[in-house]
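Structural description and commentary
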Amino acid sequence: MKKPSSIKVIKATCPKIWLLPGFRAITFFGRIYTKTKADMCSINLNDNIDSNFKCHETIHVRQAEDTHDSWFLFYILYIWQWVCNLPLITIHKRAPYRLISFEMEAFFKENDWQYPMNGKVSLWRKFNALKLKEKRKIAKRYYEGNLPYWYVLNEYFKNNGEPV
Ligand SMILES: [Zn+2]
């Protein structure tokens, strides 16, 4: 397994056996596993970031670099935050996942393909400082407002200060 810092842009592999019905791809330890060869090829076609999906997943690699360059620490923090967000499940079943600070940064910046190309990222630390009460406000706005997630986050921080 490669250390986060040694992965520049995320790459895909297509395993022979696919055990995840309902999923097109899954990312683990800085590698995307796709169900089809076509998806693998379209991801690997370019050494640069050329899709929001690739950008999103590469941001997660840079975040793992920011957690002492450790996949273990990254996943522990990721799962711990999901557990802390569980009360948000009353708003939407996916809210505990959406409001994980790593996901907030990845969704917030996935349109900016240059973003994860400049080394470590650390905006997730600012999202991590949000209280559950504040996360509840963001989740409600997103799941009840029919607006893009990045727009909701941008709006929240325009009104309340911090992340840019
Ligand atoms: Zn993600």
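Our subject is the structure that appears above.
Summary of the structure given here. (Residues numbered from 1 in each chain as written. Predicted model: local features only at pLDDT ≥ 70, side-chain atom pairs only at ≥ 80, totals over all residues.)

1. Observations regarding the overall build of the protein
When helices and strands are counted, the protein shows eight helices and three strands. For the protein, the N- to C-terminal ordering of α and β elements is β-β-β-α-α-α-α-α-α-α-α. Here the C-alpha radius of gyration of the protein, 16 Å, is about what a compact globule of 164 residues would show, namely 15 Å. Along the longest, intermediate and shortest principal axes, the C-alpha atoms of the protein span 45 × 35 × 30 Å. Scored against the burial criterion, the 164 residues of the protein give a buried share of 31%. (Helix = DSSP H or I, 4+ residues; strand = E, 2+ residues; numbered from the N terminus. Rg over C-alpha atoms; globule rule 2.2 N^0.38 Å. Buried ≥ 20, exposed ≤ 12 C-beta atoms within 10 Å, placed from the backbone.)

2. As for the environment of Tyr115
Here Tyr115 shows up in the loop between α5 (101-109) and α6 (123-128). Each C-alpha atom, one on Tyr115 and one on Cys55, is 8.2 Å from the other, the two residues being 60 residues apart in sequence. Not counting the four nearest positions on each side in its chain, Tyr115 is found in contact with Ile59, Lys109 and Val121. (Contact = placed C-beta atoms within 7 Å.)

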